[in-house]
Amino acid sequence: MPIIQVERLTKTFGTLVAVNDISFDVEEGMIFGFLGPNGAGKTTTISILCTLLSPTSGRTLIAGFDCMREPAKVRKSIGIVFQDTTLDKDLTAYENLVFHAYLYSLPKAERRERVDAVLRFVDLYDRKDDLVRKFSGGMKRRLEVARGLLHRPRVLFLDEPTLGLDPQSRSNLWEFITELPKKHNVTIFMTTHYMEEAEVCDRIAIIDHGKIIAMDSPEELKKMVGGDVVSITTTDNARARHDIEHLFRMNVAEKENALYVTCSRGDTCIPELIRTLGERVLSVRIQRPTLNDVFLKLTGKTIRDEEVSGNDSIRASIRAHRRR
Ligand SMILES: Nc1ncnc2c1ncn2[C@@H]1O[C@H](COP(=O)(O)OP(=O)(O)O)[C@@H](O)[C@H]1O
Ligand SMILES: [Mg+2]
């Protein structure tokens, strides 16, 4: 039985359809990712799965428990790390975790041992007696992951876990997260709008405007782009283009003095191209498709576009503020 089951889930806010009739399953032990731009419906979906929000229609089950009918059992089965921190900044790291252990009525004899174990796992054991207010963003997020694991949930939900962290803390956090399924016997359900972060997932659902538009492993999704893109510059592009089109029967695009050939496997295609074009070749470059290319192919826009326009609106509001 899949650990997460979602059947025809829909959530509307007034006339806005935030989640639009989505269905999917997640198998136990996986890292499953929801990838999509801001406003796609990621947080709404995760909130319903965590029993924090009720759906307009559809059914969701975690570890076989219905999120609507058996919310208490669902909550015992899950750990949550959300965008806004809920740590108590005036308590130490250790106190925050012990408080959580009380909330989940962990057996007294095990409390201390389990708290120590998760603190060690996220590399915060040495700082356990420091107040959380002294922690960096990355340390706080790691402490939240530790807290999410304390009651040994079957599923850990992470909503944009690296949002607001610097690149170093982001990559540190990913190291912890990718070790979780094996070390803690937990399934990960995470959301992100960073395509490069979604690469760590075993399976990804790409979501846009409340709809799942593709779902597969990162490798399979990238195959949808149609292969690798090989760019070549030559001494005579017109002749080279003619030769490639005739000998390989491939479509060639020409842009800024370079030829672009899409081939299923760039590593085997390049030697053939060089053999054919001989000394006319000046440079060759291979570009593997990214998840952003997949999103572009499916929607005609890039995930980043949305991010940039978001930044633009932040900049605009800063400018407006300064003028006052
Ligand atoms: N409580 C709410 N009331 C009204 N609209 C909401 C509410 N929560 C989310 N939305 C809207 O639903 C859509 C999906 O939001 P959300 O799930 O937060 O997207 P994401 O997490 O992918 O950025 C957005 O258009 C958002 O403005
Ligand atoms: Mg969100």
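Refer to the structure above for everything that follows.
Residues numbered from 1 in each chain as written. Chains lettered and ligands numbered in written order. Predicted model: local features only at pLDDT ≥ 70, side-chain atom pairs only at ≥ 80, totals over all residues. Heavy atoms only, no water.

Student: Explanation requested: the sheet that holds strand S1 (residues 4–13) in the structure shown.
Tutor: Neighbouring strands of a sheet are bound in pairs by backbone hydrogen bonds; such pairs are parallel or else antiparallel. Strand order in the open sheet formed by 4 strands is S2-S1-S4-S5, with antiparallel pairing between adjacent strands. Both edges of this open sheet fall to strand S2 (16–26) and strand S5 (65–66), since each of them pairs with a single strand only. Judged from the 5 bridges that link them, S1 and strand S4 (residues 57–62) form a sheet pairing that is antiparallel. Residue pairing across strands places Ile4 opposite Ile62, the latter belonging to S4. Taken strand by strand, helix H1 (residues 42–49) contacts S1, S2 and S4, and its axis lies near 120° from that of S1. (Pairing = 2+ DSSP bridges. Helix = DSSP H or I, 4+ residues; strand = E, 2+ residues; numbered from the N terminus. Contact = heavy atoms within 4.5 Å. Axes fitted to C-alpha atoms, helices over the stretch in contact; angles between N-to-C directions.)

Student: Looking at this model, I keep getting lost on the packing of aromatic side chains. Mind explaining?
Tutor: In this description, an aromatic ring pair is defined by two values, namely the gap between the centres and the angle between the planes. For the structure on display, the rule yields 8 aromatic pairs. Note on Phe24 and Phe32: the rings are 5.3 Å apart at their centroids and 5° apart in plane angle, and the pair reads as stacked. Positioned above the aromatic ring of Tyr94 is the side chain of Lys128, whose terminal nitrogen or guanidinium carbon lies 5.0 Å from the ring centre. Across from the ring centre of Tyr194, 4.0 Å away, lies the NZ or CZ of Arg170, which sits over that ring. (Phe/Tyr/Trp six-rings, centres within 6.5 Å; stacked < 30°, edge-to-face > 60°. Lys NZ or Arg CZ within 6 Å of the ring centre and 35° of its normal.)

Student: Is there a simple way to think about the sheet that holds strand S13 (residues 258–263) in this case?
Tutor: Across the sheet, 4 strands lie side by side as S12-S13-S11-S14; this open sheet has antiparallel pairing. On the outer flanks of this sheet lie strand S12 (252–255) and strand S14 (281–287), each paired with one strand and no other. For this sheet, the mean inter-axis angle between neighbouring strands, taken without regard to orientation, is 25°. In the sheet, strand S11 (residues 228–234) pairs with S13 via 5 bridges, with the strands oriented antiparallel. Along S13, the bridge assignment pairs Asp228 with Cys263. Where helix H9 (residues 237–248) meets the sheet, it contacts S11, S12 and S13, and its direction lies at approximately 15° from that of S13.

Student: Mind showing me how you'd approach the site of ligand 1 here?
Tutor: In the region of ligand 1, the neighbouring residues are Phe13, Leu16, Ala18, Pro37, Asn38, Gly39, Ala40, Gly41, Lys42, Thr43 and Thr44. In this structure, Gly39 approaches ligand 1 through a main-chain N or O atom, which is 2.7 Å from an oxygen atom. A distance of 2.8 Å separates an oxygen atom of ligand 1 from a polar atom in the side chain of Thr43. Of all the secondary-structure elements, those providing two or more residues to the shell around ligand 1 are S2 and H1. (Near = heavy atom within 4 Å. Polar contact = N/O pair within 3.5 Å; in protein donor to acceptor, adjacent residues only side chain to side chain.)

Student: Would you take a moment to explain the packing of helix H5 (residues 137–149) against helix H6 (residues 167–184) for this structure?
Tutor: Between two packed helices, the angle of one axis relative to the other and the distance separating the axes together describe the packing. H6 packs onto H5 with a crossing angle of 10° between their chain directions and a minimal axis gap of 10 Å. Put simply, H5 runs roughly parallel to H6. With respect to the hand of their crossing, H5 and H6 are arranged in right-handed fashion. Within the contact between the two elements, H5 uses Gly138, Arg141, Arg142, Val145 and Leu149 and H6 uses Ser169, Leu173, Phe176, Leu180 and His184. (Parallel < 35°, antiparallel > 145°, perpendicular 65-115°, else oblique. Left-handed = near helix turned anticlockwise from the far one by under 90°.)

Student: Help me understand H5, please; the structure alone is not making it clear to me.
Tutor: Between its first and last C-alpha, H5 extends 19 Å over 13 residues, near the 18 Å set by a 1.5 Å rise per residue. With 12 of its 13 residues buried, H5 lies for the most part within the structure. Those residues of H5 that fall on the buried side of the exposure criterion are Gly138, Met139, Lys140, Arg141, Arg142, Leu143, Glu144, Val145, Ala146, Arg147, Gly148 and Leu149. Packed against the buried residues of H5 are strand S6 (78–81), helix H3 (93–103), helix H4 (108–121), strand S7 (155–159) and H6. (Expected span 1.5 Å × (residues − 1). Buried < 20%, exposed > 50% of the residue type's maximum accessible area, 1.4 Å probe, protein only.)

Student: It is not clear to me how the pairing of S13 should be interpreted in this structure. Could you clarify?
Tutor: Successive residues of a regular strand alternate their side chains across the two faces of the sheet. Bridge count between S12 and S13: 4 bridges; the pairing is antiparallel. Residue pairing in the sheet places Glu254 in a bridge with Leu259 of S13. Where S12 hands over to S13, the hairpin turn is made up of 2 residues, of which Glu256 adopts a positive phi near 45°.

Note that all results are geometric; they support no functional claim without further evidence.
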